[in-house]
Structures are given as C-alpha cells and as structure tokens.
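Summary of the model geometry
Residues per chain are reported as follows:
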Amino acid sequence: MTHRIFRNPSALILCIATVAHAAERPNIVVFLVDDMGLMDTSVPFLADQTGTPERHPLNEFYRTPGMERLAATGTRFETFYAMSVCSPTRVSLLTGQNAARHHTTQWIKSESNNRGAAGPPDWGWLGIEAGDVTLPALLDDAGYRTLFVGKAHFGPDDVFGELPQNFGFDVNIAGCSYGSPGSYLGMENFAKNRRRAVPGLAKYHGEDIFLTEALTREMNAEISAAVAAGEPFFAYMGHYAVHGPFTADERFAEGYATRRGEGKFATMIAGIDKSLGDMLDHLDDLGVAEDTLVFFLGDNGTDAPLGGFHEIACSAPLRGKKGTHYEGGTRVPFIASWAKPRAGDETQAALPLEAGALRRQAGNVTDLFPTIARLAGVDIPAGHVVDGADLSGRLAGVDDVPTRFLMHFPHRHRTSYFTSYREEDWKVVYHYFPADGGDVGVALDFEPAFPRYELYDLATDPTESRNLADSDPARLHAMMTKLAAALEGHGAQYPVAAGRELRPIVPATPAGL
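None of these values were measured; they are calculated from a predicted model. (Residues numbered from 1 in each chain as written. Predicted model: local features only at pLDDT ≥ 70, side-chain atom pairs only at ≥ 80, totals over all residues. Heavy atoms only, no water.)

**What to know about unusual backbone geometry**
Between A241 and the following residue, V242, the backbone shows a cis peptide bond with an omega angle of 15°. Looking at the element boundaries, V242 is found in the loop between β5 (233-239) and α8 (261-286). Look at the link from G244 to P245: it is a cis peptide, with omega at 10°. Relative to the elements of secondary structure, P245 occurs in the loop between β5 and α8. With phi around 65°, D35 is a residue other than glycine that occupies positive phi space. Its location among the elements puts D35 in the loop between β1 (27-33) and α2 (57-61). When its relative accessible area of 0% is taken as the criterion, D35 is described as buried. The backbone phi angle of A174 is positive, close to 80°, even though this residue is not glycine. Within the secondary structure layout, A174 lies in the loop between β4 (171-173) and α7 (211-228). (Helix = DSSP H or I, 4+ residues; strand = E, 2+ residues; numbered from the N terminus. Buried < 20%, exposed > 50% of the residue type's maximum accessible area, 1.4 Å probe, protein only.)

**Topic: α8**
Compared with an ideal rise of 1.5 Å per residue, which puts 26 residues at 38 Å, α8 spans 38 Å between its outermost C-alpha atoms and is within 8% of the ideal. Positive backbone phi, approximately 80°, marks G287, located one or two places after α8. (Expected span 1.5 Å × (residues − 1).)

**A look at the environment of N172**
Within the element layout of this structure, N172 appears in strand β4. Between the C-alpha atom of N172 and that of Y236, which follows or precedes it by 64 residues, the distance is 9.8 Å. Among the polar contacts made by the side chain of N172, one reaches the side chain of Q165 at a distance of 2.8 Å. (Polar contact = N/O pair within 3.5 Å; in protein donor to acceptor, adjacent residues only side chain to side chain.)

**Points about the nonpolar core**
A general feature of soluble globular proteins is that nonpolar side chains tend to end up buried together. In terms of nonpolar packing, the biggest core is built from 59 residues, with F31, L201 and F296 touching the most fellow members. Among the elements of the structure, β1, α3 (65-73), β3 (145-150), β4, α7, β5, α8 and β6 (292-298) are those that each provide at least two residues to this core. A per-element tally of this core places α8 first, with nine residues. Excluding residues within four positions of it along the chain, F296 makes contact with F31, V33, M36, M67, L70, L276, P333, F334 and I335. One finds V30, L139, F154 and L351 within the second-largest nonpolar core, a separate group that totals 41 residues. (Core = buried A, V, L, I, M, F, W, Y, C linked by side-chain atoms within 4.5 Å. Contact = heavy atoms within 4.5 Å.)

**A short note on the pairing of strand β11 (residues 426-431)**
Within β11, six of the six residues are buried, which leaves the element mostly enclosed by the surrounding structure. Both faces of β11 are covered, namely the face carrying W426, V428 and Y430 and the face carrying K427, V429 and H431. Across six bridges, the pairing between strand β10 (residues 418-423) and β11 is antiparallel. Looking at β11, one finds that Y421 is bridged to V428. Two elements, β11 and strand β12 (residues 452-457), share six bridges in a ladder whose sense is antiparallel. Bridged to W426 within β12 is D457. (Pairing = 2+ DSSP bridges.)

Below you can see the structure in the form of structure tokens.
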C-alpha cells in the first residue's frame, strides 16, 4: 500500500475528488538529458527561410532513431532555452521561476560554495529549500505517483535540497548532490576510486552495464509499479549522461572513433536515445502510452568535446557551448509528444500536438511548470510567482507569447559575470567586467566604468558574428533598458567587487537619436 503525506488540508479532498477521473489526467514523463545541446542529434531542429527543417553536418554525425520517432509523432521547437549550466535549469524546471528570481544562478558544487570571487555572497547555493513550491509536491498532493530517477543536483551535501524525496518525489533512485558520476560503468560500481559513486544502484555493481541502461531499467520498473497500483504518474527521468567523464558506451561504438572525445560523446548520445526508445516501448507494453505525455529536453547547451567554448564548432551553425553567453550555451532540444498518439483520444485532447511539426515560436524551461500543472488539473498556490507560461498555444503554432529570455550569470565560468536578454529577434549581452573573467581573470579593485556590451540581430546573424553595440547605439540603449528592468523585476542579485554591488550600466543614447 502506498502511504501519502498531504501537505495541506485541501489536498486529501482534491485527491478523492479526482481519483474517479484519473484516466482524464495524463501520465507525464520529463526526459531530461544532461549537457545535450540543440545539435547533438540526427533530428533537425533548425529551419530554413521557409520554415522547413534543415539538416546540418552535426545532424549527419549523430544517430538518434528514438528521437526521430518522438519528433515524428510530436511537435518540437526551433528555439527553446534553458539556463547555461545545470543546477539553475533544474531548479527552474521544478519551480517555474527564472534563475534570476530563485537565485540558484550557478551550478552547485556539492562540497563547498562556488559563488566565484565576485559572485553574490548570498546566492542560492542551497538550491531548493524547505517551503519552496515545487511541481512534484503539487502533483503528489493531487494524487500522482511522483518518480525520480537519475541526476538531481538540486542542492549541496547534507541540506534539504540534496534529496528529491524531500520536496515532493515519492521515489528517488540515484539522485544526490553531485552533477557527474564517478563512473558510467557497472564494472567500476559507478565510481572511480570510491569517489562520487552513484547511490541506489548496488544491484548492478560488478555488472557489464552502462549507467544509462541501469537508470532506464529502474525507471521502467517504477512506472510498472505505478500502473499496477492504478496511479497516474509523473516520471522525471534525469540522465547523468552526457555529462563527463566522457566514456564510450561500447554498445554503440560501431561507426564512431571511440578513442576520440567526440566519438565517446556520440556513443553516450546513442545510449540516451536507446533509453528513450525503451521507455516508449515499455509504456506501450503496459497499455498506457496513449495516456502518457513525454517532454524531451536538455538542461543547457552542449558540452561536446569539439572546438573551444566560444567558437562555432560543437553547436554549429550556432556559436558557443555550455556555460557561455552565446546561443549554443542556452539553446536545447525540446520535443513534446504523446507516447502513442491516437486521434480522438479524450486525454490527448488536453494538448493536441501536430505530428512532425517544427515551431518557430520560442519556449524555455520555466514553461514546463505551468503547462504540466494545467494538464494535471493542479492549482498553483497564490503568492508563488511563475515566470513561465503554458506552452499549449505555442505548441499549436499560435504566437500568443512574445519571444523573451533572461539569462543571468553573476559568477565565474566559461563566460563570467554576464547577463543576456533576448526580445524577439534582438539579443543584448552585458559583461560586468571589462574583460571576460573566465578567460583572463577578474581584477576586484578596478573602477567599473567600462562594461562590455554585445548586441546581435539573430534574424540576420544567427551565428552571433556581428556585434552591433557600437554601430546601433539607439538599439543598444533600448535593449539594455529592458535588460536592467527585467533583472529588477526578478529581484536579481548582482556581482560584488571592491565592496560594491555592480548593477548594469545602461548606456546613454547619443544626442539626436
């Protein structure tokens, strides 16, 4: 028997009232891949001028038939944003809030505070905390069986946010504080020198099995148990792959040069793809595929070992990769599909999806919270601010939400101490220091009078190769005004240097403009 703790007095009444209508509420799978960017797949996510999907060399390099299957039955976005590193995205997904608002703006180091030399002193290093409103807790209270398998990375060691069962998941397998496994190999007990062993998988120790496969088996078993109990389920499949250490998944080595980093990475992508296909098959075998909605996405831009951080290489034709301010650092694959589409299905009518569609509308990771809440019939508590918006209209091809995305990173990493803001086709990047702290170091005693700006027209320059900050001062002023307002509206924290909080400097518009 499943024992459920209800977190508010009305939850039990809500559960009783909705059990009879469980078939009308979909099962939901969030299939989240670590460090998988927009181009790490054989599915084309970019379109030509007519809106037709356009294949690029990286699409030819990877083999992902499971993703092709999901894209063929569902709808995908050409532009879908996540934060540039993992923990901020993961907290945003479960809270519906932009990282600038929830303040977990950096990836969380398990053992110590990694705010950076000039990072905000009280940034959200603890991640999800007691009292935070989370999607799994709302779904759990509403009668869903909430399943977590894989990478967590929601908080450091020995705090509330470390373990997913603390904030709404009925089941937690393999989720803990750290973001990369000690090893992907069962023969190594998913650890290297006993460091960062993936928890909860002792049954596979000593076996010739890859971590991705072990996690997939565990999730499928938990889904089976939920179906046998007659409970609708929310399944968060959070793979550790394709995060380093890059390790060849030898099941898929044929055709890839696995002595090279990109070959190892490609086999790991193939393993993720098999996991997706195996889960879709399992849902069909259980007879619940028609009632199950799948959201497939990455948590930040790619970290494929091709090219430098800021080059057009591993995200080509986009520029940059994980941790950078360019589109390759924040654009991720996103597909929404019913596990088995069926015309006229009453459950699927809650979110009609056009098979094989590629939408020009944009979305971002905060949109999943309100979308899933609506589909599950869950009310968002009063007072909880949600930055995302229901994806239904955009998935249907309706321009009901303008393209806007705020990416705030007041820390040191591959691109350091920056904020970027996109509105429609324009994107501005503000660097809080004269030079990129990630590349040349940060001087904390400088007079911050010379911030650096970048301005791009993504409609005509999708590779972000032409910085218009100097040549279009009026547009720069307008976009920086919006960036500064967005940060203030989110209650953002700022870098601190020489004892001062550094807020964006909006450049003056030259006289006569």
